[in-house]
Amino acid sequence: MGLDIGLAGTAELEVTEADTAISLGSGDVPVLGTPRLLALCEAAAMKAVNGYVAADQTTVGCRVQIDHLRPTAVGHVVVAEAHLDKIEGHRLLFTVNAKDERGLVAAGRVTRVVIEIERFMEKTR
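Residues numbered from 1 in each chain as written. Predicted model: local features only at pLDDT ≥ 70, side-chain atom pairs only at ≥ 80, totals over all residues. Heavy atoms only, no water.

Caption draft 1: Focus on the overall build of the protein. Secondary structure assignment for the protein yields 3 helices and 5 strands. Over its C-alpha atoms the protein spans a radius of gyration of 15 Å, differing by no more than 12% from the 14 Å that the globule rule assigns to 125 residues. When its C-alpha atoms are laid out on the principal axes, the protein stretches across 40 × 35 × 20 Å. When each of the 125 residues of the protein is scored for burial, the buried share is 34%. Across the protein, contacts joining residues at least 24 apart in sequence account for 63% of those joining residues at least 6 apart. Only carbon and sulfur atoms are counted for the fraction: they give 51% of the accessible area of the protein, which is about 7000 Å². (Helix = DSSP H or I, 4+ residues; strand = E, 2+ residues; numbered from the N terminus. Rg over C-alpha atoms; globule rule 2.2 N^0.38 Å. Buried < 20%, exposed > 50% of the residue type's maximum accessible area, 1.4 Å probe, protein only. Contact = heavy atoms within 4.5 Å. Areas by Shrake-Rupley, 256 points an atom, 1.4 Å probe, with all protein chains shown as cover.)

Rendered as structure tokens:
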């Protein structure tokens, strides 16, 4: 696999109306919705290992544990960081956090699994 503990990735988002809890159906306030924040953290984890898995492989989400600590309004920028902490066979365990200009927005863990794309897609048929 060629993965090293300590790989890191980031993903950035300028919050728009489409990213709000109202738009996502996850709440009643016009702030960054938790589902979108979660997707941003997963994107950072993917970027951390981008280029380190074989061409016929990718990673898929398996488990997410996120504490959404503070609201972020439309127009503000959130940056998610993911650090690969541990490899357990095909499981990759990341520590993630997200920050805006005021500080920490979220923190948690993401587990992704390395899969062979073709074999994985056969399971959907």
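Caption draft 2: Structural detail: the sheet that holds strand E2 (residues 57-68). An order of E1-E3-E4-E5-E2 is seen for the 5 strands of this open sheet, with the pairing classed as antiparallel. If you trace the sheet from one side to the other, it starts and ends with strand E1 (8-14) and E2, each paired once. Adjacent strand axes in the sheet meet at a mean angle of 25 degrees when their direction is disregarded. In terms of strand pairing, strand E3 (residues 77-88) meets strand E4 (residues 91-100) through 9 bridges, oriented antiparallel. Looking at E4, one finds that Ala82 is bridged to Val96. Contacts between helix H2 (residues 34-49) and the sheet are confined to E1, E2, E3, E4 and strand E5 (103-116), with E1 contributing the most and set at about 145 degrees to the helix. (Pairing = 2+ DSSP bridges. Axes fitted to C-alpha atoms, helices over the stretch in contact; angles between N-to-C directions.)

Caption draft 3: Summary view of the pattern of salt bridges. Inspection of every chain in the model, using the stated rule, returns 5 salt bridges. Residue Asp19 is joined to Arg36 by a salt bridge in which the shortest nitrogen-to-oxygen separation is 3.1 Å. Linking Asp19 in the loop between E1 and helix H1 (21-24) with Arg36 in helix H2, this pair joins segments that are 17 residues apart in sequence. The exposure class assigned to Asp19 is buried, which follows from its relative accessible area of 8%. By relative accessible area, which is 24% here, Arg36 ends up partly exposed. In this structure, Glu88 engages Lys86 in a salt bridge whose closest nitrogen and oxygen atoms are separated by 3.1 Å. The exposure class of Glu88 is partly exposed, given its relative accessible area of 37%. (Salt bridge = Lys/Arg side-chain N within 4 Å of Asp/Glu carboxyl O.)

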